[in-house]
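Chain residues, written in single-letter form:
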Amino acid sequence: MKEIVFENVCKHYGKNLVVNHLNLTIRAGERLILLGPSGCGKSTTLRIISGLENISSGKLYMGGKCVNDVPSGDRNIAMVFQNYALFPHMTVEENITYGLKVHKVPKGDIEERLKSALQMLRLEGLEKRKPKELSGGQRQRVALARAVVKRSDFFLLDEPLSNLDAQLRGHARKELVKIHEMYRQTFVYVTHDQVEAMTIGDRVALMNKGVLQMVDTPDNVYNRPANVFTAKFIGAPAANVLDADYWENGLIVGKQKLLLPEMWIEQVKKSRSNEFAFGIRPEHIQLSKAPIANAFKGRVKYIENYGNRFGIYFEIEGNEIIAMADENDLSANDTVYFQPDFAKIHLFDRSTTNSIGYPKELIG
Ligand SMILES: Nc1ncnc2c1ncn2[C@@H]1O[C@H](COP(=O)(O)OP(=O)(O)OP(=O)(O)O)[C@@H](O)[C@H]1O
């Protein structure tokens with residue numbers, strides 16, 4: 001019963017519609033990541049769950065109950081913010097237990113919860129320190145401990161790791177998953193960092209300009225993006241997407257034609273569209289210097305050496321495309337050929353930008 005359900009929820013700030021008809025069910029006990037570019041409305045969505053923002057229209061259910069008019073304090077939530085929001089004049093121990101004391105949790109219970117949180121978050125020995133005497137990573141763990149001891153049904157986190165350096169972030173990601181696996185609260189986590197989203201989330205809800213683009217497992221948002229925005233946002237460098245028309249069993253890009261296999265021809269016919277956007281991820285392109293049949297022909301523009309990999313920028317009919325490769329023997333101006341792995345391509349309807357779906361042979 002710890003489900004969260006958005007039913008046609010809108011949030012306006014003046015004329016600005018920042019959450020646009022959101023329909024989303026966050027399952028009880030799952031880790032759901034709200035992901036999207038800056039300003040897409042993900043923090044506002046989290047704040048709506050927390051009760052810190054009212055909704056303009058629609059309904060929000062938590063644990064089966066409509067909470068539109070339920071104040072934040074009565075929603076059984078724990079929240080962790082980007083800036084930790086610790087009380088500077090209180091010690092670690094006081095920060096962690098303050099909320100419990102306010103809620104008159106019995107003393108023995110408070111002590112037991114404090115002990116277990118200190119242990120779990122490796123804060124033992126720091127109990128009497130004030131926040132200013134802690135490192136960023138330690139402060140962040142205190143903020144997490146303060147949320148964990150509440151043992152609430154809903155655990156809401158807004159970019160809690162963004163003030164940490166890369167190494168600490170990697171460690172904290174694992175810690176968060178461990179905490180969640182212990183208590184199995186319904187966990188909603190806001191980030192703009194797709195690595196966090198993909199490694200922490202059971203499912204990822206991707207937003208853009210207030211509109212939910214896709215909600216699915218990390219695997220599916222990467223391999224089966226629902227639209228062009230999702231294909232380009234998930235994955236780095238971003239997926240290549242080029243305009244392609246369909247003609248006589250093939251995709252036409254400029255003056256070049258690539259014949260499609262039967263499974264994709266069927267999918268294209270089902271879509272009843274002729275104008276497509278053809279997507280392929282940089283890591284799924286293999287370039288050949290030797291001509292290959294049924295392949296796009298292009299010209300290398302330049303090459304970036306990242307140390308462990310190469311980014312090869314090439315051009316096909318005026319479209320710049322990037323391929324990622326472990327090794328490279330190409331130089332600028334070389335002619336290259338590439339035939340995509342047809343199990344790794346994406347086709348979108350150009351007018352809606354939505355995926356036309358995937359052949360049944362690929363989805364099993
Ligand atoms: N209190 C407010 N009054 C007016 N506009 C607001 C308010 N809070 C947020 N906004 C606007 O609503 C939009 C969504 O903001 P929100 O903070 O939800 O985005 P976000 O996706 O979390 O972005 P970020 O990653 O930058 O925090 C933005 O355009 C923002 O400027």
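Rules behind the numbers
Residues numbered from 1 in each chain as written. Predicted model: local features only at pLDDT ≥ 70, side-chain atom pairs only at ≥ 80, totals over all residues. Helix = DSSP H or I, 4+ residues; strand = E, 2+ residues; numbered from the N terminus. Buried ≥ 20, exposed ≤ 12 C-beta atoms within 10 Å, placed from the backbone. Axes fitted to C-alpha atoms, helices over the stretch in contact; angles between N-to-C directions. Parallel < 35°, antiparallel > 145°, perpendicular 65-115°, else oblique. Left-handed = near helix turned anticlockwise from the far one by under 90°. Contact = placed C-beta atoms within 7 Å. Nonpolar A, V, L, I, M, F, W, Y, C, P; charged D, E, K, R; others polar. UniProt positions renumbered as here; feature names shortened; annotations may be inferred. Pairing = 2+ DSSP bridges. Domains from an automatic or database assignment. Core = buried A, V, L, I, M, F, W, Y, C linked by C-beta atoms within 7 Å. Expected span 1.5 Å × (residues − 1). Arc of directions from axis to C-beta. Near = placed C-beta within 6 Å.

1. Observations regarding the overall build of the protein
Along the backbone of the protein there are 10 helices and 19 strands. Taken over 364 residues, the protein has a buried fraction of 35%.

2. Here's the deal with the packing of helix α2 (residues 92-102) against helix α3 (residues 107-120)
Where α2 meets α3, the closest approach of the two axes is 10 Å, and the angle between their N-to-C directions is 140°. Taken together, the axes of α2 and α3 lie oblique to each other. Every pair of crossing elements has a handedness; the one defined by α2 and α3 is right-handed. Residue-level contacts link Glu-93, Ile-96, Thr-97, Leu-100 and Lys-101 of α2 to Ile-110, Arg-113, Leu-114 and Ala-117 of α3. Of the residues that constitute the contact of α2 with α3, the class distribution is five nonpolar, one polar and three charged.

3. Structural notes on the UniProt feature "domain: ABC transporter" (unreviewed entry) in the protein
The UniProt feature table records "domain: ABC transporter" (unreviewed entry) at residues 4-234. Secondary structure over residues 4-234 splits into 36% helix and 26% strand, and the C-alpha atoms at its two ends are 25 Å apart.

4. Some words on the pairing of strand β3 (residues 31-35)
Most of β3 is tucked away, with five of its five residues classed as buried. Every second residue of β3 is oriented toward a common face, with Arg-31, Ile-33 and Leu-35 on one face and Leu-32 and Leu-34 on the other, all of them buried. As paired elements, β3 and strand β9 (residues 203-208) share four bridges and run parallel to each other. Its bridge partner being in β9, Leu-32 is matched across the sheet by Arg-203.

5. Some points on the domain arrangement of the protein
Per the domain assignment, the segments making up the protein are domain 1 (4-226) and domain 2 (229-363). Taking only C-alpha atoms into account, the centre of domain 1 sits 38 Å from that of domain 2. Domain 1 puts 10 residues into the contact, and the matching count from domain 2 is 10 residues. When contributions to the side of domain 1 that touches domain 2 are tallied by element, the ones reaching two or more residues are β9, β10 (211-216) and α7 (218-223).

6. Some points on the nonpolar core
Nonpolar side chains in soluble globular proteins generally cluster together in the buried interior. Of all hydrophobic cores here, the largest spans 88 residues; its most connected members are Ile-33, Leu-34, Ala-145, Leu-156, Val-188 and Ala-205. Examining the composition of this core, we find that six residues originate from one element, helix α4 (residues 136-148), more than from any other. Each of domain 1 (4-226) and domain 2 (229-363) gives at least three residues to this core. The residues touching Leu-156, leaving out its near neighbours within four places in the chain, are Leu-46, Ile-49, Ser-50, Ile-77, Met-79 and Val-188.

7. Topic: helix α5 (residues 166-183)
End to end, α5 covers 26 Å across 18 residues, agreeing with the expected 26 Å (1.5 Å per residue, within 8%). Of the residues making up α5, those classed as buried are Ala-172, Leu-176 and His-180. For α5, the buried positions fall inside an angular range of 75° around the axis, keeping them on one side. For α5, the exposed residues lying more than 90 degrees away from the buried face are Gln-167, His-171, Lys-174, Lys-178, Glu-181 and Met-182.

8. Quick look at the sheet that holds β9
The six strands lie next to each other as β6-β7-β8-β3-β9-β10, forming an open sheet whose pairing is mixed. Two strands lie at the open edges of the sheet, namely β6 (77-80) and β10, each paired on one side alone. Strand after strand, the sheet turns through a mean of 15° between neighbouring axes, direction not considered. Strand direction decides the pairing type here: β6 and strand β7 (residues 154-158), joined by four bridges, are parallel. In the sheet register, Met-79 faces β7, and the bridge partner there is Leu-156. Contacts between helix α1 (residues 42-50) and the sheet are confined to β3, β6, β7, β8 (186-191) and β9, with β7 contributing the most and set at about 150° to the helix.

9. A look at the site of the ligand
As a matter of local geometry, the ligand sits amid Tyr-13, Val-18, Gly-36, Ser-38, Gly-39, Cys-40, Gly-41, Lys-42, Ser-43, Thr-44 and His-192. Sorting elements by how many residues they give to the shell around the ligand places α1 first, with three residues. Grouping the amino acids of the shell around the ligand by side-chain chemistry returns three nonpolar, seven polar and one charged.

10. Some words on the pairing of strand β11 (residues 240-247)
In the sheet, β11 pairs with strand β14 (residues 275-280) via six bridges, with the strands oriented antiparallel. Bridge pairing in β14 places Asn-240 opposite Ile-280. Where β11 folds back on strand β12 (residues 250-253), the antiparallel hairpin that results is connected by two residues, among which Glu-248 adopts a positive phi of roughly 45°.

11. Digging into unusual backbone geometry
Residue Pro-237 is reached from Ala-236 by a cis peptide bond, and omega for that bond is -5°. Among the structural elements, Pro-237 can be located in the loop between α8 (228-233) and β11. With a phi close to 45°, Glu-248 is a non-glycine residue in the positive phi region. On the secondary structure map, Glu-248 appears in the loop between β11 and β12. A positive phi angle, near 65°, is found at Asn-249, a position not held by glycine.

12. Let's talk about the sheet that holds β14
Spatial ordering of the open sheet is given by β13-β12-β11-β14-β19, a layout of five strands whose pairing is antiparallel. Lying at the two open borders of the sheet, with one neighbouring strand each, are β13 (256-259) and β19 (346-349). On average, each strand axis in the sheet is tilted by 40° relative to the strand beside it, whichever way the strands run. As judged from the four bridges shared by β14 and β19, these two strands associate in the antiparallel manner. Along β19, the bridge assignment pairs Phe-278 with Leu-347.

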